[in-house]
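In case you want the letters, here they are:
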Amino acid sequence: MVVEESAEDTVDRLFHALADTTRRDILRRCVRGELSVSRLAAGYPMSFAAVQKHVAVLERAGLVVKQRRGREQLVCTDPAAVDRARQALDELESAWRGRVDRMARLLADTAEDPEDNPTEGPEK
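Given the structure is predicted, the values throughout are model-derived calculations rather than measurements.

Reading guide: rules and limits
Residues numbered from 1 in each chain as written. Predicted model: local features only at pLDDT ≥ 70, side-chain atom pairs only at ≥ 80, totals over all residues. Heavy atoms only, no water. Helix = DSSP H or I, 4+ residues; strand = E, 2+ residues; numbered from the N terminus. Expected span 1.5 Å × (residues − 1). Buried < 20%, exposed > 50% of the residue type's maximum accessible area, 1.4 Å probe, protein only. Arc of directions from axis to C-beta. Contact = heavy atoms within 4.5 Å. pLDDT = per-residue confidence, 0-100. Salt bridge = Lys/Arg side-chain N within 4 Å of Asp/Glu carboxyl O.

Examining helix 4 (residues 48-60)
- A rise of 1.5 Å per residue sets the reference length of helix 4, with its 13 residues, at 18 Å; its end C-alpha atoms lie 18 Å apart and thus fit the reference within 8%.
- Within the sequence span of helix 4, burial applies to V51, H54, V55, V57 and L58. Taken around the axis of helix 4, the buried residues stretch over an arc of 155 degrees, which confines them to a single face. Seen from the open side of helix 4, the exposed residues pointing more than 90 degrees away from its buried face are K53 and R60.
- Lining the buried residues of helix 4 we find helix 1 (7-18), helix 2 (21-31), helix 3 (37-42), strand 2 (64-69) and strand 3 (72-77).

Some remarks on the confidence of the model for the chain
- Mean pLDDT over the chain stands at 85; residues scoring 70 or higher make up 86%.
- Per-element averaging of pLDDT across the chain places helix 5 (residues 79-112) at the bottom with 84 and helix 4 at the top with 95.

Some details on the pattern of salt bridges
- Evaluated as defined, the whole model comprises five salt bridges.
- Here R86 and D83 are joined by a salt bridge, their closest N and O atoms 2.5 Å apart. Of this pair, R86 and D83 both sit in helix 5, separated by three residues, roughly a single helical turn.
- Judged by relative accessible area, which is 30%, D83 ranks as partly exposed.
- With its nearest N and O atoms 2.7 Å apart, the salt bridge here joins D90 to R86.

Structure follows, in structure tokens:
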């Protein structure tokens, strides 16, 4: 049985990958140009295996692509994946802006109608 991955699963993996400081740094370094995993590992106070695991998380999220060239594994970014993250954030921003705008209208309508506002209504 083949289970298709939902768009939500893709976004979850993307933001999980971006939630870690080291992975964001790896992504920034790879944007400047492809780097070997061993060269990436040299820049961190952790084991080569730990850096490989970070790269694997980024790869599963589609943020980087690994290519074997001889004995080296070169890592480069996938700009389309970064664009997908931006689109997901834009969708969230749009939804929240819509909610905030509706709340602002509701509050403005309530403030204009003193009968509905017991703290500002006519005194009895």
